[in-house]
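Overview (structure and organization)
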Amino acid sequence: MKTRISMNLLRFRQVAAAMVTALFLIPPSFAQETGGDKVDLDALAQIKTEAFEHSRVMENLFWMSEVYGPRVTNSGNHKLAAEWAMKQMKEWGLQNVHLEKWHFGYGWQIKHFYAAMETPVYAAFTGFPLAWTPGTNGPITVEPVWAPIHSKADFAKYHGKLQGKALLMFDPAPLTLHTRADAQPSPTDEEILARGDARGGGGGRGPGAGAALNRDPSGRGRPGEGEWEYTPTSLALANAKNGVLRNEVNAFLKDEGVAISITPGYNGDGGTIFSTYGGSENPKDPIPPPIVAIGAEQYNRIVRLLQHGITPKLNFDIAVDYQKEDLNAFNVIGEIPGSTKPDEVVMVGGHFDSWQGGTGATDNGTGSSVAMEAVRILAALHKPMARTVRVALWGGEEEGVYGSTAYVQQHFAQRATMVKTPEYDKLDVYFNDDGGSGRFRGVSAGGSPQMAAIFKSWIEPIKDQHIVAVSGGNQFRPTTSPGGTDSTAFSWIGLNGIGFQQDGLEYGTRTHHSNADTYDRVQKDDVMQSSMIEAWFVYNAATRAEMLPRIPTPAPDPDAKAHE
Ligand SMILES: [Zn+2]
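What you see is a predicted model; the values in this text were computed from it and never measured. (Residues numbered from 1 in each chain as written. Predicted model: local features only at pLDDT ≥ 70, side-chain atom pairs only at ≥ 80, totals over all residues. Heavy atoms only, no water.)

1. What about the nonpolar core?
If you look at soluble globular proteins, the nonpolar side chains tend to sit buried side by side. What counts, and what does not: Nonpolar core, defined: a set of buried Ala, Val, Leu, Ile, Met, Phe, Trp, Tyr and Cys residues in which side-chain atoms within 4.5 Å join the residues together. Residue burial is assigned from relative accessible area. The probe radius is 1.4 Å, only protein chains are included, and a residue is buried under 20% of its type maximum, exposed over 50%, and partly exposed in between. Helix and strand definitions here come from DSSP, where helices need a minimum of 4 consecutive H or I residues and strands a minimum of 2 consecutive E residues; each element is numbered from the N-terminal end. Whether two residues are in contact is decided by their heavy atoms, any of which lying within 4.5 Å being enough.
Formed by 61 residues in total, the largest nonpolar core has its most connected members in Phe431, Phe455, Trp458 and Phe537. Looking at this core, the element that brings in the most residues is helix 16 (residues 524-543), giving 9 residues. Beyond its immediate stretch of four places on either side in the chain, Trp458 contacts Asp37, Val39, Phe431, Trp536, Phe537, Asn540, Ala541, Arg544 and Leu548. Formed by 44 residues, the second largest nonpolar core is a distinct cluster that contains Trp132, Leu162, Leu168 and Leu305.

See the structure below:
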């Protein structure tokens, strides 16, 4: 039934588009698209002026990343940054600005970090504690033992030998010559188009999820496109991917009385360290000893000293803050109310939480800054939009897309039953940005040819901005669980969760989940472009005659309980 109605509308728009073409001599490429929209070029000009001449996007990024710092979910930093974001939204005229809470667990953040080698010669270490691991209760001096844990069988091998030690439980990092630049050159428009639909729904992150382009698959544990793998050099390196395994390793370390555990991170060299969490936000999970990531060369040096029969003395002084008072984390929400159809909603957002090594600038300070800037631009236009525009800055993305998953189930449908709320039919689309600093080069249509045609008509007048591709117009892969990023929480319950394909730059090779995830790695021109495009997409969705066509609903998920 629904399909038949939208097909009729589609034909109507085809005829309308043909008439418009004849009247206004719109370029032939526009006329060839079927089912596209006639767009408001006056509004586009205003959006561009606001985005390129009065941009606030780098100012947003400065506050959230440099002033409030890394925003580990439910930490004090995360809360202060959220208060700042709400204040900004209110200043820009957004309404209904508030936090929405959902159950998460402990917050955690770094208070103090010192790590060095005292003997045989002094050497300062670069590094940071792994999230949800404790501090040292003051300065400690410890001797290291290299005891790589490759499987649970190794527990017996090291039993009774680790008491009071600094445990190096990983193999030395295999460091190789950099024969390629960290940042890949941006693909040309032609190269983007040539990939086209081959990228399907967006790099394995579910339909319409979007992805960073050009991730470098070479090097130490460098991830493949759209997927993040942990280097399989030891059992412990895999533990962040596997909560059960992580708990078993952590319980072993605790039982053995390990003083501190050291990792070279799962990637990086030359001062860049990739690492995320060692413990868990769940109060029921065992708390391990302190775990720190240090530079790969520094880690390897300790192993080589031990192999030469020289046992160095190491100094650590680490303080962290477990936030245990409020186990509810939050999403930040703000709105521009719709003028004539306020109950129909167009959403835009990114995740506001980050890891702790850097300042969460590219993951996902950029997506959050861009979403905030997009709604600021639209608020500044003072042009009526029929539908309500709602911005969401999610929490808990890094730990498992928790914030957006809680939100969609609370507002739209419980995934296990697919019992829908009245809001379900009124949610038009959610646009997500979580691919780092790179500019938008394409958009995923989530497997819907009708959506692809509409998006093509929206990008036609902005191709000079190098967004040229609409992918995933003819493929559909059901999202069986939210994963990768927040748009998948929407597509998981059959809502339109749309992501953009972005230039990869140095996201996979340098900044994603590393201590190099900082303000200076963000490219100003790129995030200004992304803000303009996101504002334009939201404007079009909020003002077009009908809501966007729905991407097909996947079947109910038998594993839905895991995400409640
Ligand atoms: Zn992210």
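2. Describing the coordination of the zinc ion
Heads up, the condition is: Atoms of type N, O and S within 2.8 Å of a metal are treated as its donors, and for Na, K and Ca the window is 3.2 Å; water is not considered, so some sites may appear to be missing partners. Angular criteria define each label, namely tetrahedral for four donors with all angles between 85 and 135 degrees, square planar for four and octahedral for six donors with opposite donors over 155 degrees apart and remaining angles between 65 and 115, and irregular for whatever fails these tests.
At 1.9 to 2.7 Å from the zinc ion lie its protein donor atoms, namely His351 (NE2), Asp363 (OD), Asp434 (OD) and Asp434 (OD). Its 4 donor atoms give the zinc ion angles of 51 to 150 degrees at the centre, a pattern that matches the irregular case. Counting residues between consecutive donors of the zinc ion along the chain gives the motif H-x11-D-x70-D. With Asp363 in helix 10 (residues 361-381) and Asp434 in the loop between strand 17 (427-432) and strand 18 (440-444), this pair connects stretches of sequence that are 71 residues apart. For the pair shown, Asp363 and Asp434 are each scored as buried.

3. Things to note about the confidence of the model for the protein chain
The predicted structure's coordinates, where accompanied by low pLDDT, should not be read in detail. Note the cut-off: In predicted models, pLDDT denotes the confidence assigned by the predictor to each residue on a 0 to 100 scale.
Model confidence for the protein chain is summarised by a mean pLDDT of 86, while 82% of its residues fall at 70 or above. Overall, residues 1-33 carries pLDDT values under 50, and its contacts beyond four positions in sequence, including any with other chains, amount to 25 contacts. The low-confidence segment residues 214-241 (pLDDT under 50) makes 83 contacts with residues lying over four places distant or belonging to another chain.

4. Re the side chain of Ser75
Mapped onto the elements, Ser75 comes out in the loop between helix 4 (57-67) and helix 5 (76-91). Among the residues examined, Ser75 registers a relative accessible area of 0% and is labelled buried. Dropping the residues within four chain positions of it, Ser75 is found in contact with Gly107, Trp108 and Gln109.

5. Observations regarding the environment of Thr126
By the secondary structure assignment, Thr126 is in the loop between strand 3 (123-124) and strand 4 (127-129). For Thr126, a relative accessible area of 34% corresponds to the partly exposed category. Each C-alpha atom, one on Thr126 and one on Tyr114, is 8.7 Å from the other, the two residues being 12 residues apart in sequence. Apart from the residues within four sequence positions on either side, Thr126 is in contact with Gly271, Ile273, Ala293, Ile294, Gly295, Gln298 and Asn515.

6. Digging into the sheet that holds strand 2 (residues 107-119)
Put simply, the rule is: One requirement defines pairing of two strands: DSSP has to find at least two bridges between them.
On the basis of which strands lie adjacent, the open sheet formed by 4 strands has the order 3-2-11-5 and antiparallel pairing. Only two strands of the sheet have a single partner each, and these edge strands are strand 3 and strand 5 (140-142). In this sheet, strand 11 (residues 313-323) lies alongside strand 5 in antiparallel orientation, the contact comprising 3 bridges. Of the residues in strand 11, the one forming a bridge with Thr141 is Asn315.

7. Some details on the pairing of strand 20 (residues 497-502)
Within strand 20, 6 of the 6 residues are buried, which leaves the element mostly enclosed by the surrounding structure. Burial along strand 20 is two-sided: Gly497, Gly499 and Gln501 facing one way and Ile498, Phe500 and Gln502 facing the other are all buried. Pairing geometry for strand 17 and strand 20, over 3 bridges, is parallel. Bridging across to strand 20, Phe431 finds its partner in Ile498. Relative to strand 20, strand 18 runs antiparallel, the two sharing 3 bridges. What sits directly across from Gly442, in strand 20, is Gln501.

8. Remarks on unusual backbone geometry
Of the consecutive residues Thr119 and Pro120, the connecting peptide bond is found in the cis state with omega at 5 degrees. With respect to the helices, strands and loops of the structure, Pro120 is situated in the loop between strand 2 and strand 3. Asp363 connects to Asn364 through a cis peptide bond whose omega is 0 degrees. Of note, Asn364 is situated in helix 10. The residue Asn96 is not glycine, and still its phi comes out positive at about 55 degrees. Non-glycine residue Trp132 carries a positive phi angle of around 60 degrees.

9. Some points on the sheet that holds strand 4
Put simply, the rule is: For every element, the axis is a line fit to its C-alpha atoms; helices are fit only across the contacting stretch, and the angle between N-to-C directions ranges from 0 to 180 degrees.
Ordered in space as 4-10-9-7-6, the 5 strands form an open sheet in which the pairing is mixed. Each edge of the open sheet carries a strand with a single partner, namely strand 4 and strand 6 (144-146). Pairwise comparison of adjacent strand axes, ignoring direction, gives a mean angle of 25 degrees for this sheet. Both strand 6 and strand 7 (residues 166-168) contribute to a ladder of 3 bridges, which runs parallel. For Pro144, the partnering residue across the bridge sits in strand 7 and is Ala166. Packed onto the sheet, helix 9 (residues 296-307) meets strand 6, strand 7, strand 9 (260-263) and strand 10 (291-294) and runs at close to 85 degrees relative to strand 6.

10. Describing the packing of helix 3 (residues 41-53) against helix 16
If you want to describe how two helices pack, look at the angle between their axes and the distance between the axes. Short version of the rule: Geometric relationships in this document are graded by angle, where less than 35 degrees denotes roughly parallel, more than 145 denotes roughly antiparallel, 65 to 115 denotes roughly perpendicular, and other angles denote oblique. Take the far helix as the reference: if the near one is turned anticlockwise from it by less than a right angle, the crossing is left-handed, and if turned clockwise, right-handed.
Relative to each other, helix 3 and helix 16 sit at 150 degrees, their axes nearing to 9 Å. Relative to helix 16, the element helix 3 is oriented roughly antiparallel. With respect to the hand of their crossing, helix 3 and helix 16 are arranged in right-handed fashion. Of helix 16, the residues touching helix 3 (which contributes Ala43, Leu44, Ile47, Lys48, Ala51 and Phe52) are Met528, Gln529, Met532, Ala535, Trp536 and Tyr539.

11. A look at the pairing of strand 12 (residues 328-336)
Counting buried residues in strand 12 gives 8 out of 9 residues, a clear majority hidden from the surface. As paired strands, strand 1 (residues 95-103) and strand 12 are joined by 7 bridges and run antiparallel to one another. Bridging from a neighbouring strand, Lys101 pairs with Phe330 of strand 12. Looking at chain direction, strand 12 and strand 14 (residues 387-394) are connected through 5 bridges and run antiparallel. For Ile333, the partnering residue across the bridge sits in strand 14 and is Ala392.

12. Here we look at the environment of Gly69
Here Gly69 shows up in the loop between helix 4 and helix 5. Given a relative accessible area of 8%, Gly69 falls into the buried group. With residues near it in sequence (within four places) discarded, Gly69 still touches Met64, Asn77 and Thr359.

13. Some words on the packing of aromatic side chains
Test applied: To pair, rings of Phe, Tyr and Trp, with the six-membered ring standing in for Trp, must have centres within 6.5 Å; the planes then decide the type, stacked if under 30 degrees apart, edge-to-face if over 60, and tilted in the middle.
Counted according to the given criterion, the structure contains 24 aromatic pairs. With centroids separated by 6.0 Å and ring planes inclined at 85 degrees, the aromatic side chains of Tyr106 and Tyr322 adopt a geometry described as edge-to-face. Residue Tyr106 is located in the loop between strand 1 and strand 2, and its partner Tyr322 is located in strand 11; the two are separated by 216 residues in the primary sequence. In this structure, Tyr106 and Tyr322 share a single accessibility class: buried. Of the aromatic side chains, those joined through ring pairs into one cluster are Trp102, Phe104, Trp132, Tyr277, Trp355 and Tyr402.

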